[in-house]
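Inside the fold
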There are 2 protein chains.
Amino acid sequence: MRVELLSIGDELVAGLSLDTNSAWLAQAVRRLGGTVIRHTTVGDRVGEIAGALQAARSRADIVVATGGLGPTADDLTREALAEALGCPLEERPEAMAQIEAFFARMGRALRDSNRRQALVPVGCDVIENPRGTAPGIHDRGPEVEIFLLPGVPAEMKEMFARSVEPVLLERSAGRVGCALSLRCFGMPESTLGDRLADLMARDRVPRVGTNASEGVISVRIVADGLAADEAAALVRADEAVVRERLGVAVFGAEEDTLATAVARELIARGCTVSTAESCTGGLIAKRLTDVPGSSAYFRCGYVTYANEMKESVLHVPRDLLIAHGAVSEPVARHLAEACRSQAGTDFALSATGIAGPGGGTPEKPVGLVFLGLATPDEVVVYRRQWSDTLTREEIRDRSAKAAMDLLRRCLLAGRPLLPSE
Amino acid sequence: MRVELLSIGDELVAGLSLDTNSAWLAQAVRRLGGTVIRHTTVGDRVGEIAGALQAARSRADIVVATGGLGPTADDLTREALAEALGCPLEERPEAMAQIEAFFARMGRALRDSNRRQALVPVGCDVIENPRGTAPGIHDRGPEVEIFLLPGVPAEMKEMFARSVEPVLLERSAGRVGCALSLRCFGMPESTLGDRLADLMARDRVPRVGTNASEGVISVRIVADGLAADEAAALVRADEAVVRERLGVAVFGAEEDTLATAVARELIARGCTVSTAESCTGGLIAKRLTDVPGSSAYFRCGYVTYANEMKESVLHVPRDLLIAHGAVSEPVARHLAEACRSQAGTDFALSATGIAGPGGGTPEKPVGLVFLGLATPDEVVVYRRQWSDTLTREEIRDRSAKAAMDLLRRCLLAGRPLLPSE
């Protein structure tokens, strides 16, 4: 089942907005047994859009187009589909009723321009949009089906589920395959690749591959084009092998983040955590509270950015700051210990380092960070020198992740466990 | 000058990697006087790539393709160009010399597979790649020029500058136009649109348009296809009008964020700030310290997530918490005041609210947030109810932005200035 994606909008063609819909749609299509063969992005011109729709229809079984269904004069996807199909537009009462109901619910006045959104090519179906004013359009062609969805991601995703998904599932007749991404942290990608080399051989089923993004390495296990049960069994078997070989480096799967992984382990043990941050500036606290329900384990964060605040808020002795500097093992240790004690939590994390771009010295270059972990029994400090190719934002991101990973490994092992580099 | 972009790679078509190259290239092309008319993404198959190259060539003056120039068996862009041009591949000594020099510089052994990277269609030029092993290819066709660049962004960008940029500049003969994005916050997009309606008329030069992303509204002013000086003068004139009509809602331009805007105003006045956060969980502190050099103004953040920590760390009276709840005007007020006093800063920001998805009640629904601003003279609290369509992440993001905007408006006006909704 060959699927083509078409993104419509001047802002996309001009590079002013990043097209995130296509990547989301491609993954969704794959999960439903289809294969995306091409994405095309064109601007808001009827001829361009109609031409792209016709070309896509000549190559694919299903075409999913997003964007250009709004109420303004540069929303021309409806007109383009009418041109591509050679069918005139008509105002459809069921579309008009949806639009009116939406405006009534929002307590907003319907504008004349919104009437345009009820125009649909003769013979096409209307796809309801519960989250916005733009109904979608579905052309059930005899060979190729075309779906037009809005470009707003939240609207597009919900309408995809109610319109495209059932068609894909029916067409793939259950041969939807199976795919799983395991998320790993704290093991170099080369080590990880060596441990999985036999699984990553070409033409093996399932296919196993790795890729790294923002410090997290993902291991993808994919069995395509098989019946769901069969594919799932193969993927599960590989998952067990990967988990056994990578051990504690695997922190979760799919949508898991280091924060959700830490949250899960803290909640399972009824434990609490607090944070004392310098270079990360609140990012560790922010990540730990990204997770809904984080008040179960997160109590307090201190962002002691200025040295005097390290002294006054977390009582780091001035002598220590003078003797070793704020970016040092003893200060990271003190911050974690004082944070745990003042917040009255089971664990505390600290971070002090040089995020750059300025502030580095030969002895303490940009990217040097000390991460502290205080437990009920001890305090450990992990020294990490990030690569000098990382930006300030990346150094802060990786440091926050490494700090959360320290706590995660400690919870799993029952004692602090520094990653071996 | 019509330009088409072609992105090549199975991982892009499958949605496993986001295509950020196309957006970057589209913006770069525009700055050099060209107009991108289409992006296409295809997988690693010779026929698909060759077909896409031919189709792009039939529509555009210049085609820029990225990806598929690596050493492995699924890197097929060279072969596809040869097929599209009807020219055989030949091993080019100057390409081989570059590859050998790169490996020598890195101290790595050349593999046989890297020899493939020296293959170039007869008649094409080699583009040097100083950062990697994959040389680029330039076909100087009589009517259409085709550039093949690697998919690795850092390599692609450097090679674009030395190969595509001079060709675009020569072809546009200095008629590179000018574009500016002004960033706005705290004014509804509809109000903003009404104030700029005459500027946003179609066919006016410069073109003026707005778009909203993550709560920030951008006003783009674009003068295309004109000589640089002339275009810049037109854009500057419109900029002055927009700034005058939108006033304090404009916080900056281009890469500015609310954090960089606040940082600029704090540094200009030699003022300091601290934060007391509940629902935002450290995000305001994180954003304020995103800016290099933030130690000049940011001193300390308190993330008092648990109610007992609001009591013990920032001394919110228990009676106040019991009488009004943690999410309330008096608690936001106390948090800001105590934070400012304890941290000894000129200003303090506080945030307490219900980020959801759980925890809402009819009286205090998800999305309700109180933002406090303490100044040397007074404390003000801004109550904001975010739309119930926003996610937890969005509520936290918008709240952090609104808090920073409170401070920014106060610094500009010399007194707290709540946004009128």
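See the structure shown above.
Residues numbered from 1 in each chain as written. Chains lettered and ligands numbered in written order. Predicted model: local features only at pLDDT ≥ 70, side-chain atom pairs only at ≥ 80, totals over all residues. Heavy atoms only, no water.

Another point: the interface of chain A and chain B. Counting residues at the interface gives 56 residues for chain A, matched by 55 residues for chain B. For the pair chain A and chain B, the summed buried area comes to about 4,400 Å², and 54% of that belongs to carbon and sulfur atoms. The largest per-residue losses of area from chain A upon contact with chain B belong to R38(A), R299(A) and Y305(A), which jointly make up 13% of the total buried on that side. Counting across the chain A and chain B interface gives 6 salt bridges. (Contact = heavy atoms within 4.5 Å. Buried area = accessible area lost by both parts, 1.4 Å probe. Salt bridge = Lys/Arg side-chain N within 4 Å of Asp/Glu carboxyl O.)

What follows deals with the sheet that holds strand β10 (residues 207-213) of chain A. Residue and element names in this part refer to chain A. Across the sheet, 4 strands lie side by side as β10-β11-β9-β12; this open sheet has antiparallel pairing. Of all the strands in the sheet, just β10 and β12 (250-253) have a single pairing partner and so form its edges. On average, each strand axis in the sheet is inclined to that of its neighbour by 25 degrees, with strand direction left out of account. Strand direction decides the pairing type here: strand β9 (residues 178-184) and β12, joined by 3 bridges, are antiparallel. Among the inter-strand pairings, L182 is bridged to a residue of β12, identified as A253. (Pairing = 2+ DSSP bridges. Helix = DSSP H or I, 4+ residues; strand = E, 2+ residues; numbered from the N terminus. Axes fitted to C-alpha atoms, helices over the stretch in contact; angles between N-to-C directions.)

So, on to the pattern of salt bridges. Residues and elements named next belong to chain A. This model, assessed by the stated rule, comprises 58 salt bridges over all chains. Note that E239 is salt-bridged to R243, the shortest N-O span being 2.8 Å. Note that E239 and R243 are positioned in helix α9 (residues 228-246) at a spacing of 4 residues, about one turn of the helix. When its relative accessible area of 18% is taken as the criterion, E239 is described as buried. A relative accessible area of 35% places R243 in the partly exposed class. (Buried < 20%, exposed > 50% of the residue type's maximum accessible area, 1.4 Å probe, protein only.)

The next subject is the sheet that holds strand β9 (residues 178-184) of chain B. All names here are of chain B. Judged by pairing direction, the sheet is antiparallel, and its 4 strands sit side by side in the order β10-β11-β9-β12 without closing on themselves. The outermost strands of the open sheet, each flanked by one partner alone, are β10 (207-213) and β12 (250-253). The sheet shows a mean angle of 25 degrees between the axes of neighbouring strands, taken without regard to direction.

This part takes up the relation of the copies chain A and chain B. Of the two same-sequence chains, chain A is brought onto chain B (RMSD 1.6 Å, axial shift 1.4 Å) by a rotation of 180 degrees. On this basis, the relationship between the two copies can be described by a two-fold rotation axis. A high fraction, 96%, of the interface residues of chain A reappear at the interface in chain B, so the copies pair face to face through one surface. (Least-squares fit on C-alpha atoms with pLDDT ≥ 70 in both.)

In an α-helix, one turn spans 3.6 residues, which is why side chains three or four residues apart end up on the same side. All names here are of chain A. Here α9 spans 26 Å end to end across 19 residues, near enough to the 27 Å set by a 1.5 Å rise per residue. Every buried residue of α9 is listed here: A231, A232, V235, D238, E239, V242 and L246. Mapping the buried residues of α9 onto a view down its axis gives an arc of 135 degrees, with all of them on the same face. Those residues of α9 that are exposed and aimed more than 90 degrees away from the buried face are D229, R236 and E244. Contacts made by the buried residues of α9 are with β9, α8 (189-195), β10, β11 (216-223) and β12. Following α9 by one or two positions, G247 adopts a phi angle in the positive range, close to 55 degrees. (Expected span 1.5 Å × (residues − 1). Arc of directions from axis to C-beta.)

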